[in-house]
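Topology and contacts: notes
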Amino acid sequence: MDAVQKSFHELLAARGIELAPHQLSQFERYFELLVEWNERMNLTGITERDAVFEKHFYDSLSLAFYMDLSKARNLADIGSGAGFPSIPLKIAFPHLQITIVDSLNKRISFLQHVCDALGLENVQCVHGRAEDVGRIPAHRDQYEVVTARAVARLAGLGELCLPFAAKDGVFAAMKGANPQEELDEAAYALKELRAKAERVETLKLPFEQSERAIVFIRKTDRTPAAYPRKAGIPLKQPLVRGISLVKKPR
Ligand code: SAM
């Protein structure tokens, strides 16, 4: 184990995540593939090994500091890009059934390759817009945990992600510092989408010290049939106070 792996291992162990040697090897292989494929396609601006371990791998795993993923059955990652946060979570919690959704097919091909190379089973990589995939019965109202990192502001993001969550499931939005303004802006959207914000957890990355926040949102009922709206609309015209598309019972 070199210094990067040693500190990664120790920092995670301090948070209750014990990585075995073969899991550390999977992270190493993932890093190599990320850098290799990044030369051919735009996957990440971060390529220094220590920075990838901190800003992508550790940051992705921080979700598990605040919820017990060892008890979760399935997880959907919306707008996963190069695989964050779902691939690090799958490596650390191999029992999870993962669904990855991204609208860029090249990234889905990369992720399929990563899963094959790392021997990750039960990862479904779906090419499509979340607005469309979230209407497919096999994915709608199905997931115990739904997450997204660095995809969009919460008001629009909720409409992309919440349709995937089961009733009583959790949508964990991984954000930078100070998400309060976004949360206020999303109040109407969350109500429309039958969800409520439960808590916000904050952390600092261990070396770079930049702040992160994870907003935990509980799905309180099934998604109304009106949502998500047509692909493109949720982010262009986020649900911020206006006319409800859901018919009120008389
Ligand atoms: N979650 C990754 C991370 O934290 O590094 C990637 C973030 S990247 C900025 C946003 C990703 O969301 C892109 O890969 C993009 O293709 C995807 N995306 C954007 N809109 C989407 C949509 N409507 N449905 C599915 N994926 C979408």
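Residues numbered from 1 in each chain as written. Predicted model: local features only at pLDDT ≥ 70, side-chain atom pairs only at ≥ 80, totals over all residues. Heavy atoms only, no water.

Some thoughts on helix H1 (residues 3-13)
Stated formally: In this scheme, a residue with accessible area under 20% of its type's maximum is buried, one over 50% is exposed, and one in between is partly exposed, where area comes from a 1.4 Å probe on protein chains only. Here a helix means four or more residues in a row that DSSP labels H or I, a strand means two or more in a row labelled E, and each is numbered from the N terminus. What the arc measures is the spread of directions leading from the helix axis to the C-beta atoms. For this analysis, residues touch if any pair of their heavy atoms sits within 4.5 Å. We define a polar contact as two N or O atoms separated by no more than 3.5 Å, with the added condition that, inside protein, one atom must be a possible hydrogen donor and the other a possible acceptor, whereas residues neighbouring each other in sequence contribute only through side-chain atom pairs.
By the burial criterion, the buried members of H1 are Val-4, Gln-5, Phe-8, His-9 and Leu-12. With its buried residues spanning 125° around the axis, H1 presents them on a single face. On the buried face of H1, the contacting elements are helix H2 (21-38), helix H3 (49-61) and helix H4 (63-66). If you check the start of H1, you find a side-chain oxygen 3.3 Å away from the backbone N of Val-4, and it comes from Asp-2.

Looking at the layout of surface pockets
Keep this limit in mind: Points on a 1 Å grid over protein atoms alone make up a cavity when a 1.4 Å probe fits among them but cannot get out, and a pocket when they form an open set with protein on both sides within 12 Å along at least five of seven lines; lining residues each have an atom within 4 Å of a point. Grid points are joined across faces, edges and corners, and a volume is the space filled by probe spheres set on the points. Under the scheme applied, nonpolar residues are Ala, Val, Leu, Ile, Met, Phe, Trp, Tyr, Cys and Pro; charged residues are Asp, Glu, Lys and Arg; polar residues are all the others, including Gly.
Within this model, the largest pocket holds a volume of roughly 540 Å³. If you trace the largest pocket, you find 32 residues lining it, with Ile-78, Gly-79, Arg-149, Ala-150 and Val-151 closest to the centre. In terms of residue class, the lining of the largest pocket is made up of 14 nonpolar, 10 polar and eight charged.

Notes on the packing of H2 against helix H6 (residues 105-118)
Spelled out, the test is: Note on definitions: angles span 0 to 180 degrees between N-to-C directions of axes, and those axes are lines fitted to C-alpha atoms, for helices only across the stretch in contact. Helix crossings fall into two classes, left-handed where the near helix is turned counterclockwise from the far one by less than a right angle and right-handed where it is turned clockwise.
For the pair H2 and H6, the least separation of the axes is 10 Å and the interaxial angle reads 145°. Once H2 is placed against H6, the crossing between them reads as right-handed. Residues Gln-26, Arg-29, Tyr-30, Leu-33, Leu-34 and Trp-37 of H2 form the contact with H6, whose participating residues are Ser-109, Phe-110, His-113, Val-114, Ala-117 and Leu-118. Here the contact of H2 with H6 is composed, by residue class, of eight nonpolar, three polar and one charged.

Examining the nonpolar core
Where we set the bar: Nonpolar cores are built from buried Ala, Val, Leu, Ile, Met, Phe, Trp, Tyr and Cys residues. Side-chain atoms within 4.5 Å join them into one set.
Residues Phe-8, Tyr-30, Phe-57, Leu-69, Ile-87 and Phe-110 are the most contacted members of the largest nonpolar core, which totals 54 residues. In terms of residues, this core owes the most to one element, H2, which gives seven residues. The residues touching Leu-69, leaving out its near neighbours within four places in the chain, are Ala-64, Leu-75, Leu-89, Phe-93, His-95, Leu-96 and Val-145. The next biggest cluster of nonpolar side chains, apart from the first, holds 32 residues, and it includes Ala-148, Ala-155, Leu-160 and Val-215.

So, the pattern of salt bridges
The test is simple: By definition here, a salt bridge exists when the distance from a side-chain nitrogen of Lys or Arg to a carboxyl oxygen of Asp or Glu is within 4 Å.
Counting across every chain of the model gives 19 salt bridges. In this structure, Asp-141 and Lys-219 form a salt bridge, with 2.8 Å as the shortest nitrogen-oxygen distance. In this pair, Asp-141 is assigned in the loop between helix H7 (130-133) and strand E4 (143-149) and Lys-219 in strand E7 (residues 211-219), connecting sequence segments 78 residues apart. Comparing Asp-141 with Lys-219 shows no difference in burial state: the two are buried. Between Arg-153 and Glu-185 there is a salt bridge, with the nearest N and O atoms lying 2.9 Å from each other. Here Arg-153 is found in the loop between E4 and helix H8 (154-161), whereas its partner Glu-185 is found in helix H9 (residues 180-185), with 32 residues between them in sequence. Owing to a relative accessible area of 39%, Arg-153 belongs among the partly exposed residues under this scheme. Taking relative accessible area as the criterion, Glu-185 reaches 30% and is therefore assigned partly exposed. Residues joined in a network through salt bridges with shared partners are Asp-2, Glu-28 and Arg-49.

Here we look at the packing of aromatic side chains
The following threshold applies: Pairing of aromatic rings covers Phe, Tyr and Trp, the last through its six-membered ring, and needs centres within 6.5 Å; plane angles under 30 degrees mean stacked, over 60 mean edge-to-face, and all others mean tilted. Whether a charge lies above a ring is judged from NZ of Lys or CZ of Arg, which has to be within 6 Å of the ring centre and within 35 degrees of the ring normal.
In the structure shown here, the tally under the stated rule is 13 aromatic pairs. Relative to Phe-57, the ring of Phe-27 has its centre 5.1 Å away and its plane inclined at 50°; by these criteria the two rings are tilted. Taken together, the residues span a long stretch of sequence, with Phe-27 in helix H2 and Phe-57 in helix H3 at a distance of 30 residues. Each of the two residues, Phe-27 as well as Phe-57, counts as buried. Here Phe-31 and Phe-53 contribute two aromatic rings whose centre-to-centre distance is 6.5 Å and whose plane-to-plane angle is 50°, an arrangement assigned as tilted. Of the two residues, Phe-31 sits in helix H2 while Phe-53 sits in helix H3, which places them 22 residues apart along the sequence. Look at Phe-31 and you get buried, because its relative accessible area is 12%. Taking the relative accessible area as the measure of exposure, Phe-53 reaches 3% and is therefore buried. These aromatic residues form a ring-pair network of at least three members: Phe-8, Phe-27, Tyr-30, Phe-31, Phe-53, Phe-57 and Phe-84. Its guanidinium or amino end placed over the ring of Trp-37, Arg-40 lies 4.7 Å from that ring's centre, counting from NZ or CZ. Against the face of Phe-216 rests Arg-199, its NZ or CZ located 4.0 Å from the ring centre.

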